[in-house]
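Architecture and fold: a report
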Amino acid sequence: MNDLEILAERAGRELEDAPALEILDWAARTFGPRFCVTSSMEDAVVAHLASRALPGVDVLFLDTGYHFPETIGTRDAVAAVMDVNVLTLTPRRSVAEQDAEHGPRLHDRDPDLCCALRKVEPLTAGLAAYDAWATGLRRDESPTRAGTPVVGWDARRGKVKVSPIARWTQDDVDAYVVEHGVLTNPLLMDGYASVGCAPCTHRVAEGEDSRAGRWAGSAKTECGLHG
């Protein structure tokens, strides 16, 4: 177990009951510019929180080539109005190049491979310059996220992984958005509870969990970024 992993496990225990901003203050003090935030631009809640702890913080956005126009618009608005530095990460291959190599609509035939090529690989490369990264994971989103620590160890990448709103509910998120006027993706007002790539994201029915509209009709529940 290396020093960063020991640090992550200790912080996870000590900060379990801490407010989100306190968790991010710890990350900012501990890692400084070697700390970043990732955002799918579903909303800018964690980016906003992090900007309060570390003004000008890097916010990494994965442009998979399959995003809704509303998602790209949210990214551009966040970059324009918030005290953050939005960095867009792209896959090594364009959609057309991927289609030529693997055939069209890989996301339908092998969504795990599509996510690996268009999300996991570029994020891993983009995180190389950092020791720690923050996510917007919440325990209430799905059973697969119920054990998310507020600070943990990303063994795959050798990074400290910070999930400052892990203990929040959707009501907490909504309240923060209203209190601080935080930007959100317009699709959240149009029946989408979770926003990912357009071909693999659908509206959810009343009573379904927030991740039900992702890869609907398949056993897939995660893109692979967090597992």
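The rules behind each value
- Residues numbered from 1 in each chain as written.
- Predicted model: local features only at pLDDT ≥ 70, side-chain atom pairs only at ≥ 80, totals over all residues.
- Heavy atoms only, no water.
- Helix = DSSP H or I, 4+ residues; strand = E, 2+ residues; numbered from the N terminus.
- Polar contact = N/O pair within 3.5 Å; in protein donor to acceptor, adjacent residues only side chain to side chain.
- Contact = heavy atoms within 4.5 Å.
- Buried < 20%, exposed > 50% of the residue type's maximum accessible area, 1.4 Å probe, protein only.
- UniProt positions renumbered as here; feature names shortened; annotations may be inferred.
- Phe/Tyr/Trp six-rings, centres within 6.5 Å; stacked < 30°, edge-to-face > 60°.
- Pairing = 2+ DSSP bridges.
- Axes fitted to C-alpha atoms, helices over the stretch in contact; angles between N-to-C directions.
- Parallel < 35°, antiparallel > 145°, perpendicular 65-115°, else oblique.
- Left-handed = near helix turned anticlockwise from the far one by under 90°.
- Nonpolar A, V, L, I, M, F, W, Y, C, P; charged D, E, K, R; others polar.
- Core = buried A, V, L, I, M, F, W, Y, C linked by side-chain atoms within 4.5 Å.

1. What to know about the side chain of Thr148
- Along the polypeptide, Thr148 turns up in the loop between β4 (132-134) and β5 (151-154).
- A polar atom in the side chain of Thr148 sits 2.7 Å from the backbone oxygen of Arg145.
- Setting aside anything within four residues of it in sequence, one finds Thr148 in contact with Leu137, Arg139, Ser163 and Ala166.

2. With respect to unusual backbone geometry
- A positive phi angle, near 60°, is found at Met41, a position not held by glycine.
- Tracing the backbone through its elements, the reader meets Met41 in the loop between β1 (35-38) and α3 (45-53).
- For Met41, a relative accessible area of 0% corresponds to the buried category.
- The backbone of Arg105 shows a phi angle near 55°, a positive value even though the residue is not glycine.
- Its location among the elements puts Arg105 in the loop between α5 (95-102) and α6 (106-109).

3. What to know about the environment of His202
- You can see His202 is positioned in the segment after α8 (170-180).
- Taking the C-alpha atoms as reference points, His202 and Pro143, 59 residues apart in sequence, are found 19 Å from one another.

4. Regarding the UniProt feature "binding site: [4Fe-4S] cluster" (unreviewed entry) in the protein chain
- In the UniProt entry, the feature "binding site: [4Fe-4S] cluster" (unreviewed entry) is given for Cys114, Cys115, Cys197 and Cys200. For this annotated set, covering 87 residues, all C-alpha atoms fall within 10.8 Å of each other, a compact arrangement in space.
- Relative to the elements of secondary structure, Cys197 occurs in the segment after α8.
- Excluding its chain neighbours within four sequence positions, the residues that come into contact with Cys197 are Thr64, Tyr66, Phe68 and Lys119.

5. Topic: the packing of aromatic side chains
- Evaluation of the coordinates by the stated rule reveals 3 aromatic pairs.
- On the basis of an interplanar angle of 90° and a centroid distance of 5.7 Å, the ring pair of Trp26 and Phe31 is categorised as edge-to-face. Here Trp26 and Phe31 have matching classes, each one buried.
- With a centroid separation of 5.5 Å and an interplanar angle of 65°, the aromatic rings of Phe68 and Tyr192 are classed as edge-to-face.

6. Things to note about the pairing of strand β6 (residues 159-162)
- Alternating positions in β6 separate into two faces, Lys159 and Lys161 on one and Val160 and Val162 on the other, with burial throughout.
- Both β5 and β6 contribute to a ladder of 4 bridges, which runs antiparallel. Bridge assignment links Gly152 to a residue of β6, and that residue is Lys161.
- Joining the antiparallel neighbours β5 and β6 is a turn of 4 residues, in which Gly158 adopts a positive phi near 70°.

7. Examining the packing of α5 against helix α7 (residues 111-126)
- Here α5 crosses α7 at 140°, and the two axes come no closer than 12 Å. Viewed along their axes, α5 and α7 adopt a mutual orientation that is oblique. Like other packed secondary-structure pairs, α5 and α7 cross with a definite hand, here right-handed. The residues of α7 that touch α5, namely those facing Val95, Gln98 and His102, are Leu113, Cys114, Leu117 and Arg118.
- Looking at the contact of α5 with α7 residue by residue, the class counts come to 4 nonpolar, 2 polar and 1 charged.

8. As for the nonpolar core
- Trp26, Phe35, Val151 and Val162 are the most contacted members of the largest nonpolar core, which totals 42 residues.
- Broken down by element, this core gets its largest block of residues, 7 residues, from helix α2 (residues 20-31).
- With residues near it in sequence (within four places) discarded, Phe35 still touches Leu24, Ala27, Leu54, Val57, Tyr130, Ala132, Trp133, Ala134 and Val162.
- With 8 residues, the next largest nonpolar core counts Cys36, Leu60, Leu89 and Trp133 among its residues.

9. Considering the sheet that holds β1
- Spatially, the 6 strands line up as an open sheet ordered β3-β2-β1-β4-β6-β5, and their pairing is mixed. Strands with a single pairing partner mark the edges of an open sheet, and in this sheet they are β3 (84-89) and β5. In this sheet, adjacent strand axes meet at a mean angle of 30° when their direction is disregarded.
- Pairing analysis gives 3 bridges linking β1 to strand β2 (residues 57-62), with the strands arranged parallel. Paired with Cys36 across the strands is Asp58, a residue of β2.
- Those strands touched by helix α1 (residues 3-14) are β5 and β6, and its axis lies near 150° from that of β5.

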